[in-house]
Amino acid sequence: MKALVTGGAGFIGSHLCERLLGGGYEVCVIDDLSTGRLSNIAHLLDSGQIEFVEDSVRNRVIIEPLIEKCDVVFHLAAAVGVQLIVDRPVHTIETNIHGTEIVLEYANKYSKKVLITSTSEVYGKSENVPFHEDDDTILGSTMFSRWSYACSKAIDEFLAFAYHKQYGLEVVVCRLFNTIGPRQVGHYGMVVPRFVEKALKNETIQVYGDGKQSRSFTYVGDVVEAIGKLAVSEDAIGKVLNIGSDREISINELADLVIKMTSSKSGKDRISYEKAYGVAFDDMQRRVPCLERIKEAIGYQPKTSLEEMLEIIIEDLKGRDK
Ligand code: UDP
């Protein structure tokens, strides 16, 4: 089996490549290195285990033959990270919508199964946790760029299901909740690497808003394992499935846990969203997945505890400083 991984040099993409190689796939990566980094896949390139194409999925001349010669497409290429979304809203909307349009168009032309990675942002401002896949999406005003990300990913989902319904294309949509692990960087948002980096330097950790907003974090290894299993699950075809963990933690508690686990002397500072992102900002207060559907499809159960994930990330970031 030959897999095409779009966005394969990104944080999650690079872990997925390793999982697929371990599962016997041949892997080809296309990544424009906008947020992905060659260093994430350097070990796979050096050992000649993957083919790498540096380009955008929006480049039709390049993407068409790559899709034609693979058996399955894992579509991860997207503009991600709250800071990036706020700073580059046009880029976010165009990348996420046009990129997926093109991938689905060629996947349909050559009848190739596609796994689309979507996001828990699609649930929007609902606080009705846990979020079930068929829940309503409750998005904020179009004045806040943040919701353009949720909307762009929702359009990707609509389009994937449209191809499935109208042409019978095999699609699986995965809604990822906050995924963390080695290789994730804090430049584009991403609270965990930001907090750990600050704690390791004994610098003040910035908690946005009142810090009572919560998230549930999932280990990247558990996420890519689930994606790998979903790719071969008959039950998942034509469905949207949450991938996440149901352990919820407030951002305040997360900061305290990181400080404790790094034995850091860092203090915490509360800053307004407006100051943090440079524009008025509308946050999600809670985000917890219902995991019944994915349990039923592939027997999914996240294995890595929050403390274990943080331990691995702390070691990874300590290593990067050397
Ligand atoms: N956050 C924070 N300090 C930071 C970065 C993020 O307090 O340095 C907060 C952010 O406002 C949000 C949560 O941490 O409530 C998770 O942010 P992230 O950007 O990681 O992902 P999100 O879940 O918002 O997409």
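Here the structure is a predicted model, which is why all the values come from computation and not from measurement.

Q: How would you sum up the overall build of the chain? Please name residues and give values.
A: Secondary structure summary: the chain contains 12 helices and 13 strands in total. A globule of 322 residues ought to have a C-alpha radius of gyration of about 20 Å, and the chain, at 19 Å, matches this closely. Counting only C-alpha atoms and orienting by the principal axes, one finds that the chain spans roughly 55 × 45 × 40 Å. Going through the 322 residues of the chain one by one, you find that 56% of them count as buried. Intrachain contacts of the chain at a sequence separation of at least 6 include 79% that bridge at least 24 residues.

Q: Explain the site of the ligand residue by residue, including any values.
A: The environment of the ligand is made up of 19 residues, and the closest members are Val191, Tyr208, Arg215, Asp283 and Arg287. A distance of 2.8 Å separates a nitrogen atom of the ligand from a polar backbone atom of Gln206. Within the side chain of Gln213, one N or O atom sits 3.0 Å away from an oxygen atom of the ligand. Isolated, the ligand exposes 510 Å² of accessible area, and the fraction of that covered by the protein chains is 94%. Secondary structure elements with two or more residues in the shell around the ligand: helix 7 (191-200), strand 8 (205-208) and helix 10 (273-277).

Q: An account of the pattern of salt bridges is requested, with residue identities and associated values reported.
A: Evaluation of the coordinates by the stated rule reveals 22 salt bridges. Among the ionic pairs, Arg287 bridges to Glu121, the shortest N-O distance being 2.7 Å. In this pair, Arg287 sits in the loop between helix 10 and helix 11 (292-298) while Glu121 sits in the loop between strand 5 (113-119) and helix 6 (146-167), placing the two residues 166 residues apart along the sequence. Like Glu121, Arg287 is buried. Here Asp134 ties to Arg293 by a salt bridge, and the two come within 2.9 Å at their closest N and O atoms. Of this pair, Asp134 sits in the loop between strand 5 and helix 6 while Arg293 sits in helix 11, and the two are 159 residues apart along the sequence. A single network of salt bridges, built from pairs that share partners, joins Glu121, Arg146, Arg215, Asp283 and Arg287.

Q: Could you give an account of the sheet that holds strand 4 (residues 72-75), naming the residues involved and the relevant values?
A: One open sheet holds the 7 strands; their spatial order is 3-2-1-4-5-6-11, and the pairing between them is parallel. Only two strands of the sheet have a single neighbouring strand rather than two, namely strand 3 (50-54) and strand 11 (239-243). In this sheet, neighbouring strand axes are inclined to one another by 20° on average, regardless of whether the strands run parallel or antiparallel. Where strand 6 (residues 171-176) and strand 11 come together, 5 bridges link them in parallel fashion. From the neighbouring strand, Leu176 faces strand 11, where its bridge partner is Ile243. Against the sheet, helix 3 (residues 60-68) contacts strand 1 (2-6), strand 2 (26-31), strand 3 and strand 4, and its axis sits at roughly 165° relative to strand 2.

Cut-off values and rules
Residues numbered from 1 in each chain as written. Predicted model: local features only at pLDDT ≥ 70, side-chain atom pairs only at ≥ 80, totals over all residues. Heavy atoms only, no water. Helix = DSSP H or I, 4+ residues; strand = E, 2+ residues; numbered from the N terminus. Rg over C-alpha atoms; globule rule 2.2 N^0.38 Å. Buried < 20%, exposed > 50% of the residue type's maximum accessible area, 1.4 Å probe, protein only. Contact = heavy atoms within 4.5 Å. Near = heavy atom within 4 Å. Polar contact = N/O pair within 3.5 Å; in protein donor to acceptor, adjacent residues only side chain to side chain. Areas by Shrake-Rupley, 256 points an atom, 1.4 Å probe, with all protein chains shown as cover. Salt bridge = Lys/Arg side-chain N within 4 Å of Asp/Glu carboxyl O. Pairing = 2+ DSSP bridges. Axes fitted to C-alpha atoms, helices over the stretch in contact; angles between N-to-C directions.

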